[in-house]
Amino acid sequence: MASTASTSPNISAPIKMAAQDVNVFYGDKQAIRNVSIDVGMDEVTAFIGPSGCGKSTFLRTLNRMNDTVASARVEGRITLDGEDIYSTAMDVVQLRARVGMVFQKPNPFPKSIYENVAYGPRIHGLANSRADMDVIVEQSLRRAGLWEEVKDRLQDSGTALSGGQQQRLCIGRAIAVQPEVILMDEPCSALDPIATAKIEELIHELRGKYAIVIVTHNMQQAARVSQRTAFFHLGTLVEYGVTSDIFTNPREERTKDYITGRYG
Amino acid sequence: MNAASVWLLIIGLAAIAWLSARARATLLEKSAGRLATHSRAHYHGAYVALWTLLPAALFLIVWQNVSPALVTNAVLTAPEAASLPADAFSRSTVLSEARSIATGHAQSAFNPQSQALVAPYRSAITRYDIIGAVLTLILAFAGGAFAFTRVKADFKARTRVERLVMGGLLLASLIAIVTTIGIVASLLFESARFFSMINPLSFLFGTKWSPQSAALGYGAEHAFGAVPLFWGTIFIGAIIAMLVAIPLGLMCAIYLTQYARPAVRQWMKPILEILAGVPTVVYGYFAALTVAPLLRDFAVAVGISGASSESALAAGLVMGVMIIPFVSSMADDSINAVPQSMRDGSLAMGATKSETIKRVLIPAALPGVVGGVLLAVSRAIGETMIVVMAAGLAANLTANPFASVTTVTTQIVQLLTGDQEFDSPKTLAAFALGLVLFIVTLLLNIVALRVVKKYREAYE
């Protein structure tokens, strides 16, 4: 099967998350078929494919966000550092602290910028004092490339920022919990080109500190930010490989058709 | 010719007008072509029918209100009226008796003078009825004919009918508003009479309420201190009832929106809504016959002094239960209005469900919840039946929930039931209380709706 054949392309990075024969169902409808894929540590992995191909669904299985959808059912094995994340021993709350997520539409809480970032650390008890929290907030916002823009108005509402700033705030909020993996579900689809460029720049800077998985509709974006690219089509993983190979020398006909814009 | 047959007649004329105008317009349509005529035939029909009906109907309504006075004037000029008594009261007695006989509502006259006036009355009534009917019919014909001449290919009957429909709808919506204004006006008028007898300050800030002794004439000025009533109302409606309704309603909404499986939600929500539909008098029974005695026995058993079989606590607890559906459905709506992405955002950071509810959903939904609570308070303080049955009549200024207190609505009921004279401060006090209640609930509603609206805007 094509998908199993392309599980581990010639990559050197150690494996952070691994999926084996994953199937996802929404009620009777199967959204993901036999997907096996490895996500490398400290790398950016891009999922591309036409709308409805299951790439977002698959992304949401990696931090078990599909648990919130009543009709969703996941089969197969997904591991984080070798631990099965769907086993009963895995605490889903801990899992999501280790595997953070940034959504398609920026969704800051209707709280101050400071409180948006402090939310996660406070829940997980990462700060012992107000001063600790200040440090975490500043570091997270610096990493998210937002500190210089908001340092004088940390008490303003997070929802008052521009769309691009909101999205960087959401990234900062995810970073504040000190995750190991960050999942990004089309993080730029609601943003203008300048804000998009800033997010891409940010992804470059975050690479090496976190394993990043990004779902995108924009193939240029995948080519620019990722080291490895997976092409999904109709719920299956068609091809997975080093990004430059996928874009210059795809093995599969469907991949070639998609990246050359023949459909999708 | 009586009024009913005139009404039937003009309705019949309108129907004929409709048919004939439609027939004419159909002919026009056939000769000129459908697209060359502006409006469909039935719009022309409706236009002419409305012109036939509306002016005539308006005139008839006015006439039916004006003609009795005209009839009476005519009777007074008749020679038989010369012997009428001079003073206004006995004169109008005789006149109304004669009228009753003339219209067939009474059989025979008690007063011989009335008997003499029956004949002139009859003739005057007949005369004015005929005049009215003829004028109505003329108007109907004139209106119909005017409209009928306008049935042309390019006449915009459709637009005109649309405008008339709009006018009709506007009128319908104005009725509710005009009624409200009327209610407020009557409240204001009667309250003004009350405040001309009793100083408003001693009413609003006095602490002694004993309208019964005032009726007997002892120091009326100081018997209408309404503070114990306001306190009782707030104690029961805004404190005890809310202590029950806010936490329970909120928790209920959280369970239903966040935890309940769809199957559970499906049967629990309707049951809650049934709770909102139970007549308040039934809650009243429950409070007075079940809850109040239990509370009194409990209070006596643990040695609380001042326990009464009609207690603030009984009325407040039951009222709180009654209010739960209001609070929970408002809270339910506002929690549901918080975007799913907020919940996802929080869950994706590793927050548990209850952390998400406590730190994200409730703060975000809070304005809506507060709005719901304010609406519930305004409903609770205006509630009457439960407190009439369970709260008692003694105007005590006490914070002991086991003691009997009374509320504004209870006292209004007390002041206005039975035979009352409407010029004593005792009765008029009910209107002053009603006015205060009206103003308070109005303000609460305005604030609540503002809060809810502002919050809605924040997410849309």
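No experiment lies behind these values; they were computed from the predicted model shown.

> How should I be thinking about the overall build of chain A in this particular structure?
Within chain A one finds 11 helices and 10 strands. Relative to the 2.2 N^0.38 estimate, which gives 18 Å for 264 residues, the radius of gyration of chain A is 18 Å and therefore close to what a compact globule would have. Principal-axis analysis of the C-alpha atoms places the extent of chain A at approximately 55 × 45 × 35 Å. Split into buried and exposed, the 264 residues of chain A put 47% on the buried side. Within chain A, residue pairs in contact and separated by at least 24 positions form 71% of the contacts whose partners lie at least 6 positions apart.

> What exactly am I supposed to notice about the sheet that holds strand β10 (residues 236-242) of chain A here?
Sheets are built from strands paired through backbone hydrogen bonds, the pairs being either parallel or antiparallel. Residues and elements named next belong to chain A. A sheet is described by the order of its strands in space; here 6 strands give the open sequence β6-β7-β8-β3-β9-β10, paired in mixed fashion. Both edges of this open sheet fall to β6 (99-102) and β10, since each of them pairs with a single strand only. Taken over all neighbouring pairs, the strand axes of this sheet differ in orientation by 15° on average, direction set aside. Sheet analysis places strand β9 (residues 228-233) next to β10, joined by 6 bridges and oriented antiparallel. For His233, the partnering residue across the bridge sits in β10 and is Thr236.

> Sorry, what's going on with the interface of chain B and chain A here?
Accessible area lost upon the coming together of the parts serves often as the stated size of an interface. Contact with chain B, which involves 14 residues of that partner, is made by 21 residues of chain A. Put simply, the parts of the chain that give the side of chain B that touches chain A at least two residues each are α12 (340-348) and α13 (353-382) of chain B. With 6 residues, the top contributor of residues to the side of chain B that touches chain A is α12(B). Taken together, the residues of the side of chain B that touches chain A sort by class into 7 nonpolar, 4 polar and 3 charged.

> In this structure, what is going on with helix α11 (residues 312-337) of chain B? I would like to understand it.
Structurally, the α-helix is built with 3.6 residues per turn, so residues lying three or four positions apart point the same way. Given a rise of 1.5 Å per residue, 26 residues ought to cover 38 Å, and the 36 Å separating the end C-alpha atoms of α11(B) matches this to within 8%. Largest kink in α11(B): about 40°, centred on Ile323(B), with the proline Pro325(B) one to four residues after it.

> Help me out: how do you make sense of the domain arrangement of chain B in this one?
Structurally, chain B comprises domain 1 (3-155) and domain 2 (204-459). Relative to domain 2 of chain B, the C-alpha centre of domain 1 of chain B lies at a distance of 52 Å.

Conventions we followed
- Each chain carries its own residue numbering, running from 1 in the written order of its sequence.
- Labels are handed out in written order, letters beginning with A for the chains and numbers beginning with 1 for the ligands.
- A pLDDT threshold of at least 70 governs which residues receive local features in this predicted model, and a stricter bar of 80 or more applies before side-chain atom pairs are shown or counted, although totals over entire chains, interfaces and linings include all residues.
- We count a stretch as a helix when DSSP gives it H or I for four or more residues in a row; a strand needs E for two or more, and each element gets its number in order from the N terminus.
- The quantity called the radius of gyration is restricted to C-alpha atoms. Its globule counterpart is 2.2 Å times the number of residues to the power 0.38.
- Burial is judged by counting other C-beta atoms within 10 Å of a residue's own C-beta: 20 or more means buried, 12 or fewer means exposed, and anything between counts as partly exposed, with every C-beta placed from the backbone.
- Residue pairs are scored as contacts if the distance between their C-beta atoms, which are placed from the backbone, is within 7 Å.
- Two strands pair under a simple rule: DSSP has to find at least two bridges between them.
- To define axes, lines are fitted to C-alpha atoms, for helices over the stretch in contact only, and angles between the resulting N-to-C directions are given on a 0 to 180 degree scale.
- Any residue outside Ala, Val, Leu, Ile, Met, Phe, Trp, Tyr, Cys, Pro, Asp, Glu, Lys and Arg is labelled polar, Gly included; the first ten of those are nonpolar and the last four are charged.
- What a helix is expected to span follows from its residue count: subtract one and scale by 1.5 Å.
- Bend is computed residue by residue as the angle between axes fitted to the seven residues ending at the residue and the seven residues starting at it.
- The split of the chain into domains comes from an automatic or database domain assignment.

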